[in-house]
Amino acid sequence: DGATRFVASDPIQRPRSELGDRIHDEAWPGLRDGDLVHLQYPITNTDRSVGARLGVAVGAAFGSRPPAGRARVELEGTAGQSFGAFLAPGIDLRLTGVCNDYVGKGMGGGRIVVRAPADDAGAPVLIGNTALYGATRGELFCAGRAGERFAVRNSGATAVVEGVGDHCGEYMTGGSVIVLGQVGRNLGAGMTGGELFLYDPDSQALDQLNDELVRPVRPDEFELIFLRELIEAHHELTGSAVAGEILETWDRAAFWRVAPRAEVAAIE
């Protein structure tokens, strides 16, 4: 009769990662019962949404509260799409390798740490596009660069990254992002809240701002303390040489805060 009929799914279309299921099965009992869990796995780019099932389980059982236990999951390799999506408090994902797009999508807690493989040369690009899309809480530390639309629609997550592509902070309403490297164009497009800090000793990043919506201002004393504490945490968690050099040669005049124009006008 000419109608299109479903025949069978292709393995690449499987809705979940076997690795994500395995992490849930091995970490969830300890998280639920108050244990400290430490797991290690290889990961490949066909392992998508790793961490999502465990995060949803925590949310279903504990709501916005942290679980009774804690889980650190160490991975090595190339993470597929949506690594750490919908992550929840109590879960610490640490990847040595690279990620595809949508890292930390919708995360509501927990921590993601990404660092380069030992044989990486140069300035690594470790995260794809649209990281932290719609994130509400949690932390992301990346000892390398990320792609476009970093922290798009972020409303509460905290992140440190060493470079971003175009449209960073797009539609941000909350949270804190620190960029310790080059930025792409249209920075802060549609940004109405949150904190976006730049390490920019040569003031080159200011030309990339969407100046119809945001303005650069110097951080105040409290913000500088907050910046240093986060960069120290980034250095400790990732071993970042970039963060180490910034801390050794600390220069408060090298930092800018990108703020929504309405906020700056209200302060003035």
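What you see is a predicted model, and the numbers here were worked out from it, not measured in a lab.

Some thoughts on the pairing of strand E4 (residues 108-115)
The buried fraction of E4 amounts to six of the eight residues, a majority that puts the element mostly inside the structure. Pairing of strand E3 (residues 91-99) with E4, which is carried by five bridges, proceeds in the parallel orientation. Residue pairing across strands places Asp-92 opposite Arg-111, the latter belonging to E4. Taken together, the five bridges between E4 and strand E6 (residues 137-142) define a ladder with parallel strand orientation. Considered in E6, the bridge of Arg-111 is made with Glu-139.

Things to note about the nonpolar core
Where a protein is soluble and globular, its nonpolar side chains tend to be buried together. The biggest cluster of nonpolar side chains holds 56 residues, and the ones touching the most others in it are Leu-75, Phe-83, Ile-127, Phe-150 and Val-179. Residue contacts for Phe-150: discarding those within four places in its chain leaves Ala-131, Leu-132, Leu-140, Ala-159, Val-161, Val-164, His-167, Cys-168, Gly-169 and Val-177. If you look at the next biggest cluster of nonpolar residues, it comprises 17 residues, including Phe-197, Tyr-199, Ile-231 and Ala-254.

Notes on the packing of helix H1 (residues 18-33) against helix H2 (residues 52-62)
Contact geometry for H1 and H2: axes closest at 8 Å, N-to-C directions at 35°. Of the two possible hands of crossing, H1 and H2 adopt the one that is right-handed. Where H1 abuts H2, its residues Gly-20, Asp-21, Ile-23, His-24, Asp-25, Ala-27, Trp-28, Leu-31 and Arg-32 lie against Arg-53, Leu-54, Ala-57, Val-58, Ala-61 and Phe-62. Here the contact of H1 with H2 is composed, by residue class, of nine nonpolar, two polar and four charged.

Focus on the packing of aromatic side chains
According to the stated counting rule, one finds five aromatic pairs in the structure shown. Note on Phe-197 and Phe-226: the rings are 6.3 Å apart at their centroids and 55° apart in plane angle, and the pair reads as tilted. Here Phe-197, found in strand E10 (residues 195-199), pairs with Phe-226, found in helix H3 (residues 221-238); they are 29 residues apart in sequence, far enough to count as distant. For Phe-197, a relative accessible area of 0% translates into the label buried. Note on Phe-226: relative accessible area 27%, which makes it partly exposed. Through a chain of ring-to-ring contacts, three or more aromatic side chains come together here, namely Tyr-199, Trp-250 and Phe-255. Lys-105 extends its terminal NZ or CZ atom over the ring of Tyr-102, reaching a point 5.4 Å from the ring centre. Geometry around Trp-256 places Arg-218 over its ring, the cationic atom sitting 3.6 Å from the centre.

The rules we used
Residues numbered from 1 in each chain as written. Predicted model: local features only at pLDDT ≥ 70, side-chain atom pairs only at ≥ 80, totals over all residues. Heavy atoms only, no water. Buried < 20%, exposed > 50% of the residue type's maximum accessible area, 1.4 Å probe, protein only. Helix = DSSP H or I, 4+ residues; strand = E, 2+ residues; numbered from the N terminus. Pairing = 2+ DSSP bridges. Core = buried A, V, L, I, M, F, W, Y, C linked by side-chain atoms within 4.5 Å. Contact = heavy atoms within 4.5 Å. Axes fitted to C-alpha atoms, helices over the stretch in contact; angles between N-to-C directions. Left-handed = near helix turned anticlockwise from the far one by under 90°. Nonpolar A, V, L, I, M, F, W, Y, C, P; charged D, E, K, R; others polar. Phe/Tyr/Trp six-rings, centres within 6.5 Å; stacked < 30°, edge-to-face > 60°. Lys NZ or Arg CZ within 6 Å of the ring centre and 35° of its normal.

What is shown is where atoms sit, not what they do.
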